[in-house]
Each structure stands twice: as structure tokens, then as C-alpha cells.
Amino acid sequence: LSFTRAEETNGQAFFKLICKEENAQFICLNIRDSSFLRNADYHNYRDCDIQNYILAARKLAERGYYVIRMGAVVEEAMDIDHPMIIDYAINGMRSDFMDIYLGAKCAFCISTTVGFDSVPTIFRRPIVYVDCSPLEIIRTSCINYISTIKKYWKRDEDRFMTFQEIFESGAGKFQLSSEYEAMGIDLVESTPEEISDVVLEMEERLRGAWKSTKEDERLQQSFWEMF
């Protein structure tokens, strides 16, 4: 897919309006919350807190990226005032066209798996999937995707489950909040530090600065053998 010359002109003009800069690199931040599906608690295990992404956004801004928070309907604003972190979801400037344009032009997208992901996917943009749930639907179809999952906390044993336990129990396939509740499992979001780590890993991978350790490679091999 491509944009017409007029669409490119309109898109660049709007981007300059919101970022005050032409041709700057930017990241789309797309975080699902309870506003995504009103009164749909059967999927609320997938919701995340936008405030947990402020640290990652700040780190990206320090590296020269604008961060644009996406979303047609969101629960709350980001609690930050920074010229390079733009809450486009609530600033009254969003449009259907710019949703597509921004998703197509971003350096990469940070997402918690929602429908908007289709836009950067169609335009072959890299995606960091944070806190994917359930475990067995992590995105594996592209070398430019990296993923983390929510942690599975077993209430009756007061501990996190291992990957092997998640797979063997069937919890890795659960797609309803009631299924987690029935098994006494709470899904725990990543910390701001963990989110920042995976986001900066993507940024470093894309500019060729990321270096895996032997331990990284061993753990990756172990996970994929289980998967």
C-alpha cells in the first residue's frame, strides 16, 4: 500500500503541526485499557496502565524520538508534560487518516495487541508487543517483532508460574477473564523498568547496537523449545 502525493503532503503537514519538526523519527504507543471494550470484563485481563509506559517514553525522547500515544477512545491521559511525548489520543487532533499515516511511518510501534497493530503490520513496521496475553498467542510471524508477556501469579501458592507450568496447565491458551479466575491466576503487568528495557532493546536492535549474551541465547533457545 502507498499514499498519494496529496496524502503525503497532508500527513507531513499535520505531523509538523503536532511535533513542531519535519522528518523527525517517532514511535507509536498504543496501549489497551478498559475503554477499549466498554462493559466487556471478559477481556479485561488484557488491559494495561498507560502510566507504566512513561519511563520508556522518556528514555526514547532522550534518544531523540517523539512518542505519540495512539487511541480513538482511552481511559485517561498520560501523566506527563514533555514536548516530545504527545498524547494524540486526547489532544483533540486525531483523525482516521492520521491514525493510518502515523502507523505507516513510525520507526516502530509499542503495543499491547489491539486492532491498530494491523496498520504498522500492513506497512511492515517493527512492533514491540508488551504484556501479550495469553502466552500462546504471542506474535511470531515476523523477525521485526519482539514480545513480552504478563506474569502468571498463582494465588494459592503465592508465586509466579513457570513457562512450563503455564503451557502444561492450559493457561497459556486462556482467552477469558473467567478462566484465569477459575484457576486462581492473576496476570501481572510488567514494571515500568521492564517495559523500558524491552523498548530500548528494540531501538538498539534496529540501529544495530544490540548485543546478545550467551545467557540471552541460552534462555531464548530454552523458551522456544518449550513453545
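Above: the structure in question.
Colleague: Mind showing me how you'd approach the sheet that holds strand E8 (residues 159-160) here?
Modeller: Hydrogen bonds between backbone atoms are what pair the strands of a sheet, whose relative direction is either parallel or antiparallel. Spatial ordering of the open sheet is given by E8-E7-E9, a layout of 3 strands whose pairing is antiparallel. Looking along the sheet, the strands with just one partner apiece sit at the ends: E8 and strand E9 (185-188). In this sheet, E9 lies alongside strand E7 (residues 151-154) in antiparallel orientation, the contact comprising 4 bridges. Looking at the pairing, Lys151 lines up with Val188 of E9.

Colleague: Where do I start with helix H7 (residues 192-206) in this structure?
Modeller: An α-helix turns once per 3.6 residues; consequently, residues spaced three or four apart project the same way. Look at H7: 21 Å from first C-alpha to last across 15 residues, which is about the 21 Å you get at 1.5 Å a residue. For H7, every residue scored as buried is listed here: Ile195, Ser196, Val198, Val199, Leu200, Glu201, Met202, Glu203 and Glu204. Elements in contact with the buried residues of H7: helix H2 (54-62), strand E4 (108-111), strand E5 (127-132) and strand E6 (145-149). Backbone geometry just downstream of H7 places Gly208 in the positive-phi region, at approximately 75 degrees.

Colleague: In this structure, what is going on with the packing of H2 against H7? I would like to understand it.
Modeller: Think of two packed helices as two axes; the pair is described by the angle between the axes and how far apart they sit. Packing of H2 against H7 leaves a shortest axis separation of 7 Å and a crossing angle of 35 degrees. The two elements H2 and H7 cross, and the hand of that crossing is right-handed. Each of Leu55, Ala56, Lys59 and Leu60 in H2 lies in contact with H7, whose residues at this interface are Pro192, Glu193, Ile195, Ser196, Val199, Leu200 and Glu203. The residue makeup of the contact of H2 with H7, split by class, is 7 nonpolar, 1 polar and 3 charged.

Colleague: Would you take a moment to explain the side chain of Glu204 for this structure?
Modeller: Relative to the helices and strands, Glu204 resides in helix H7. Beyond its immediate chain neighbours, meaning those up to four positions away, Glu204 contacts Arg63, Ala209 and Trp210.

Criteria and thresholds
- Numbering of residues starts from 1 in each chain and follows the order in which that chain's sequence is written.
- Side-chain atom pairs in this predicted model are given and counted only at pLDDT of 80 or more, local residue features only at pLDDT of at least 70, and totals for whole chains, interfaces and linings cover all residues.
- As a rule here, side-chain values cover all heavy atoms of the structure and leave hydrogens and water aside.
- Here a strand pair is declared whenever DSSP counts at least two bridges between the two strands.
- The secondary structure listing takes helices from DSSP runs of H or I that are at least 4 residues long and strands from runs of E that are at least 2 residues long, numbered from the N terminus.
- Residue count minus one, scaled by 1.5 Å, sets the expected span of a helix.
- Each residue is placed in one exposure class: buried if its accessible area under a 1.4 Å probe, protein chains only, is under 20% of its type's maximum, exposed if it is over 50%, and partly exposed if it falls in between.
- What makes two residues a contact is simply this: any of their non-hydrogen atoms within 4.5 Å.
- Here the axes come from fitting lines to C-alpha atoms, over the contacting stretch only for helices, and the angles between their N-to-C directions go from 0 to 180 degrees.
- Helix crossings fall into two classes, left-handed where the near helix is turned counterclockwise from the far one by less than a right angle and right-handed where it is turned clockwise.
- Residue classes follow a fixed rule: Ala, Val, Leu, Ile, Met, Phe, Trp, Tyr, Cys and Pro count as nonpolar, while Asp, Glu, Lys and Arg count as charged, and any other residue, Gly among them, counts as polar.

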